[in-house]
Amino acid sequence: MAVRNACEFVYTNQYGEPYATSYHLGIKYWRPVLEKLGIRYRVIYQARHTFATLSLLNTADINYVARQLGHSSHQMIFKTYGRIIKQINGEKNELDKFIYA
């Protein structure tokens, strides 16, 4: 039977503690995975925006997305992803040419 790490984090350092910064996580896991998948390198932080955008496009609850991103309210979601929310509501914007191409 495999021993599970008691830490709630998915990736931990050799001591079972969470990484203090994303730098080491990026070097050890992120960059190698992107290379194996043939995906151009991008910083880990961009995954946060990808999550938010895809969640909103798939009509996830705005408050849920805000909580997942650590925001205290949905206002930051509207400020940052207002263009996506407009698209969901059927308003035309510059993203239409990429999504419906």
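Residues numbered from 1 in each chain as written. Predicted model: local features only at pLDDT ≥ 70, side-chain atom pairs only at ≥ 80, totals over all residues. Heavy atoms only, no water.

Student: Which parts of the structure should I look at to understand the overall build of the protein?
Tutor: Counting secondary structure elements, the protein contains five helices and zero strands. Along the chain direction, N to C, the helices and strands of the protein fall in the order α-α-α-α-α. Looking at the protein as a whole, 20% of its 101 residues qualify as buried. For the protein, restricting intrachain contacts to residue pairs at least 6 apart in sequence, the fraction spanning at least 24 positions comes to 18%. Of the roughly 8200 Å² of accessible surface on the protein, 57% is carried by carbon and sulfur atoms. (Helix = DSSP H or I, 4+ residues; strand = E, 2+ residues; numbered from the N terminus. Buried < 20%, exposed > 50% of the residue type's maximum accessible area, 1.4 Å probe, protein only. Contact = heavy atoms within 4.5 Å. Areas by Shrake-Rupley, 256 points an atom, 1.4 Å probe, with all protein chains shown as cover.)

Student: How should I be thinking about a nonpolar patch on the surface in this particular structure?
Tutor: Where nonpolar side chains cluster on the molecular surface, the patch consists of Val 33, Leu 37 and Ile 39 and spans about 260 Å² of accessible area. Look at Leu 37 and you get exposed, because its relative accessible area is 59%. (Patch = residues over 30% accessible without salt bridge, like charges linked within 9 Å, V, L, I, M, F, W, Y side chains within 5 Å. Salt bridge = Lys/Arg side-chain N within 4 Å of Asp/Glu carboxyl O.)

Student: Sorry, what's going on with the environment of Gln 68 here?
Tutor: Tracing the backbone through its elements, the reader meets Gln 68 in helix α3 (residues 62–68). For Gln 68, a relative accessible area of 46% gives the class partly exposed. Residues Gln 68 and Arg 48, spaced 20 residues apart in sequence, show a C-alpha to C-alpha distance of 9.6 Å.

Student: It is not clear to me how the nonpolar core should be interpreted in this structure. Could you clarify?
Tutor: Core analysis: the largest hydrophobic core is formed by nine residues, namely Ala 52, Leu 56, Val 65, Ala 66, Leu 69, Ile 77, Tyr 81, Ile 84 and Ile 85. Ranked by residue count, the leading element in this core is helix α4 (residues 75–88), at four residues. Setting aside anything within four residues of it in sequence, one finds Val 65 in contact with Phe 51, Ala 52, Ser 55, Leu 56, Ala 60 and Ile 77. (Core = buried A, V, L, I, M, F, W, Y, C linked by side-chain atoms within 4.5 Å.)

Student: Help me understand helix α1 (residues 22–37), please; the structure alone is not making it clear to me.
Tutor: What sets the pattern is the α-helix's 3.6 residues per turn: residues three or four places apart point alike. Residue Lys 28 marks the point of greatest curvature in α1, where the axis turns by about 35°; the proline Pro 32 follows within four residues. Gly 38, located one to two residues past α1, shows a positive phi value of around 75°. (Bend = angle between axes of the 7 residues up to and from the residue.)

Student: Can you help me understand the environment of Thr 12 in this one?
Tutor: Here Thr 12 is to be found in the segment before α1. Residues Thr 12 and Leu 25, 13 residues apart in the sequence, show an inter-C-alpha distance of 8.5 Å.

Student: Quick question: what am I supposed to make of the packing of helix α2 (residues 45–57) against α4 here?
Tutor: In helix packing, the relevant descriptors are the interaxial angle and the interaxial distance, both defined with respect to the helix axes. For the pair α2 and α4, the least separation of the axes is 9 Å and the interaxial angle reads 40°. The pairing of α2 with α4 is recorded here as oblique in orientation. In this structure, the crossing between α2 and α4 has a hand that is right-handed. Seen from α2, the contacting residues are Arg 48, His 49, Ala 52, Thr 53, Leu 56 and Leu 57; seen from α4, they are Ile 77, Tyr 81, Ile 84, Ile 85, Gln 87 and Ile 88. Residue composition of the contact of α2 with α4, by class: eight nonpolar, three polar and one charged. (Axes fitted to C-alpha atoms, helices over the stretch in contact; angles between N-to-C directions. Parallel < 35°, antiparallel > 145°, perpendicular 65-115°, else oblique. Left-handed = near helix turned anticlockwise from the far one by under 90°. Nonpolar A, V, L, I, M, F, W, Y, C, P; charged D, E, K, R; others polar.)

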